[in-house]
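# Structural description and commentary
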Amino acid sequence: MAPLLGLDSSFVLQLLRYGFISMIIHVYAKVRVGSFPIALVIFLSLTAIELLGRQWLSVVTKHAPEPYLDEVFHIPQAQVYCDGKYTIWDDKITTPPGLYALTILSHSLLTGLPCSVYYLRLFNVEIISFLALVATIAKARLEQPGKGVQYSVTALWTGINVALFPVLFFFSGLYYTDVISTFVVLLAYTNHLSRVNSNESSLANDVYTLFLGLLALCMRQTNIFWVVVYMGGLEAVHGVKALNPEPVATPSFSTLSHQVGFYAWRYSLGDIHDPSLNLASPIDLLLCAVSIGIAAFCNLGTIVRQRIWPHLLILGAFVGFVAWNGGVVLGDKSNHVATLHLAQMLYIWPLFAFFSVPLFIPRLLDLAVLAFNIITRIVEQTPASKKSPTTGNKSKRTNEANQSMALKVFNKLGSGHTIHSIIVLAGTLAVATLIVRLNTIIHPFTLADNRHYMFYVFRYTILRSWWIRYALVPIYIVCGWLCWAALQGSPFSSPRIHQWIQTPFSNPNSTAVANTPADRKFEQTNTSHESSESESGLGLAITASPPTSTVLILLLSAALSLITAPLVEPRYFILPWVFWRLLVPTRPTLVLPTTPLSNKGSAALSQRLFIPALETLWFALVNVATMYVFVTRPFYWRGPDGELLDGGRVQRFMW
């Protein structure tokens, strides 16, 4: 029986925990939001999420008091562990017992609650609020790298929206592994961000990293791709950048071998090419991967010893588990066979686009304004306005005259960014079409289980007609471009530090480039100081587009975690979406020069919060709709003769 409105003694204990955390934050974070300290805002935010979660849990318990769907396996197993029978295991469960162990530990040491259906579900409700806090810390560290945790309003609101993400928040009212798994992985991510924001890691933190990685694997096996590939990959890149080689002037090249040799030498020393994503063209993606590969290969021992040995131990433990277990999943192996399912990397983009519609609106408006400005300049341009060749251009022509034909052709091909974009677009269309043609996999569970929304998505699209599969290809690509553009940020943002530019090719997106480690260090310090001075009083922060390497590693990690799963479930996309959302830059403020000085702060604050508020509203609408359908649209499975199936149990729609 659920307590009235979900409020009981456990709620009071949870408020005490929020109060303790808020006091700690108050000591270390002196940021205010208007007239309120950030600690008070965090306390109220966590309390609000807790209340929403408890109301949802009360509704679920009222209408579905018995274990539902996968809870049929999870809840009895947890209750068996509660009775101290740790040798009993249900062979139908595919994931490790981390959820049950943490639940029992929490109930035994912190709350003393029984292991009833309601209180087992309550564990996820309590975790979802802490998940919002951890996401806030992660966003704050991404906004202000190298400066400790300085909370901003946008970081806090991003954390709230991550917790309210419909697929995630829906399962906070049920006893599933998704909430605790996401929380532990985000906890490991915040630790990772603290590691890369420091010059070197301590042995204690290395051990902590190892512990969090193993704990994440105890929640779900697929977390290996996030704690090893994603975070380990980012650690390796940070280790490369920490090599900090002595700067040298770029010489003039006369032969192709001379140029290639010079850049290969610089890459081997750690002077890699890793521009911000908003500066990157298609050739920059290739150069970034090549430069990091050369640097990692040439400095492998240093990187392993100083940065990634904990991740390698986690990987070794995972490989040992797979060898011992005879596979990745624990039970029900016949229905969970790893399969190459490339179409997952097509489905991910429409799902992101659906949930993140508010994030794309400003980008589309930016493009409209940019197109208008370009058209206006073309119309207003006159022959007299054309500039005469500059001295720099003359010097460039002189250098080109001394170059070999092979070098000229190589540089010309590498600098053809428009052609590169066309090739990438055509290649993406071709590859996506081939994937649809050769690798569209329909798992039997997708066709058999009409309780999940994916059953109806497939039924009315891919399974409707053969031509719909191919008609969806342009939609996949457009949605993917929107997600990529969101990571690039606004084209009207103030120029940021163009770090780690080491390319032989011209790039129209980059102008003032810091080409030496010394320049990078000075400019990063200077810009961070200006940013904190200008907006810290408002609890705001300026965020730049993420480095190209970060996005490439994110794509690799998401692909590895998805393409091995034959079943398409929205729950599988939770972690890819969370990491993508945390990397989306904060929108810049556009305060008019005529705005009074006393009003500029409030104008900046309102503009920064418009998109997060719109995202919150959209998530609220989706959550309310899916919860309403779950509660008010029950049905029964019946055979051809009308006989009730599945023991006459009520069925409900869900993600």
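Coordinates for the structure precede this section.
Quick look at the structure, then.

Quick notes on the rules
Residues numbered from 1 in each chain as written. Predicted model: local features only at pLDDT ≥ 70, side-chain atom pairs only at ≥ 80, totals over all residues. Heavy atoms only, no water. Helix = DSSP H or I, 4+ residues; strand = E, 2+ residues; numbered from the N terminus. Buried < 20%, exposed > 50% of the residue type's maximum accessible area, 1.4 Å probe, protein only. Contact = heavy atoms within 4.5 Å. Phe/Tyr/Trp six-rings, centres within 6.5 Å; stacked < 30°, edge-to-face > 60°. Lys NZ or Arg CZ within 6 Å of the ring centre and 35° of its normal. Salt bridge = Lys/Arg side-chain N within 4 Å of Asp/Glu carboxyl O. Patch = residues over 30% accessible without salt bridge, like charges linked within 9 Å, V, L, I, M, F, W, Y side chains within 5 Å. Areas by Shrake-Rupley, 256 points an atom, 1.4 Å probe, with all protein chains shown as cover. Expected span 1.5 Å × (residues − 1). Axes fitted to C-alpha atoms, helices over the stretch in contact; angles between N-to-C directions. Parallel < 35°, antiparallel > 145°, perpendicular 65-115°, else oblique. Left-handed = near helix turned anticlockwise from the far one by under 90°. Nonpolar A, V, L, I, M, F, W, Y, C, P; charged D, E, K, R; others polar.

Now for the overall build of the protein chain. Regarding its fold elements, the protein chain presents 26 helices and 2 strands. Per-residue burial over the protein chain gives 51% buried out of 655 residues. Of the contacts made within the protein chain by residues no fewer than 6 positions apart, 78% connect residues no fewer than 24 positions apart.

By the secondary structure assignment, His-341 is in the loop between helix 13 (300–325) and helix 14 (344–355). By relative accessible area, which is 0% here, His-341 ends up buried. Ignoring any residue separated from it by four or fewer positions in sequence, one finds His-341 in contact with Tyr-347, Asn-439, Ile-441, Leu-562, Ile-563, Ala-565, Pro-566 and Val-568.

To continue, consider the packing of aromatic side chains. In the structure shown here, the tally under the stated rule is 40 aromatic pairs. It is Arg-571 that lies over the ring of Phe-171; its NZ or CZ is 5.5 Å from the centre.

Attention shifts here to the pattern of salt bridges. Overall, the coordinates contain 15 salt bridges when judged by the stated rule. A salt bridge links Glu-235 to Arg-195; the nearest nitrogen and oxygen atoms lie 2.5 Å apart. Of this pair, Glu-235 sits in helix 10 (residues 224–241) while Arg-195 sits in helix 8 (residues 178–196), and the two are 40 residues apart along the sequence. Residue classification places Arg-195 among the buried positions, given a relative accessible area of 2%. Overlapping salt bridges, with partners in common, bring together Asp-70, Asp-178, Arg-220, Glu-569 and Arg-571 in one network.

On the surface, Val-12, Leu-13 and Leu-16 cluster together into a nonpolar patch covering about 260 Å² of accessible area. Structurally, the position occupied by Leu-13 is in helix 1 (residues 9–28).

With that settled, the discussion passes to the environment of Ala-132. The residue Ala-132 is located in helix 5 (residues 117–143) in this model. Expressed as a C-alpha distance, the spacing of Ala-132 and Ile-42, which sit 90 residues apart in the sequence, is 9.7 Å. Leave out the neighbours within four places in its chain, and Ala-132 touches Leu-46, Ile-49, Gly-159, Ile-160 and Ala-163.

Examined against the element boundaries, Phe-225 turns out to sit in helix 10. The class of Phe-225 is buried, set by a relative accessible area of 18%. In this structure, the C-alpha to C-alpha distance between Phe-225 and Leu-315, residues 90 residues apart in sequence, is 9.5 Å. Apart from the residues within four sequence positions on either side, Phe-225 is in contact with Tyr-230, Ser-557, Leu-560 and Ser-561.

Phi is positive for Leu-69, which is not a glycine, with a value near 55°. Tracing the sequence through the fold places Leu-69 in the loop between helix 2 (38–63) and helix 3 (71–82).

Before going further, it helps to examine helix 5. In a regular helix each residue adds 1.5 Å, so 27 residues correspond to 39 Å; helix 5 covers 40 Å between its end C-alpha atoms and thus fits that length. Taking burial as the measure, the 27 residues of helix 5 include 26 buried ones, the bulk of the element.

This next bit is on the packing of helix 10 against helix 25 (residues 574–583). Where helix 10 contacts helix 25, the two axes come as close as 12 Å, and the packing angle between them is 30°. By the angle class used here, helix 10 and helix 25 are roughly parallel. Here helix 10 runs over helix 25; the crossing is right-handed. Seen from helix 10, the contacting residues are Trp-226, Tyr-230 and Met-231; seen from helix 25, they are Leu-575, Pro-576, Phe-579 and Leu-583. The residue inventory of the contact of helix 10 with helix 25, partitioned by class, reads 7 nonpolar, no polar and no charged.

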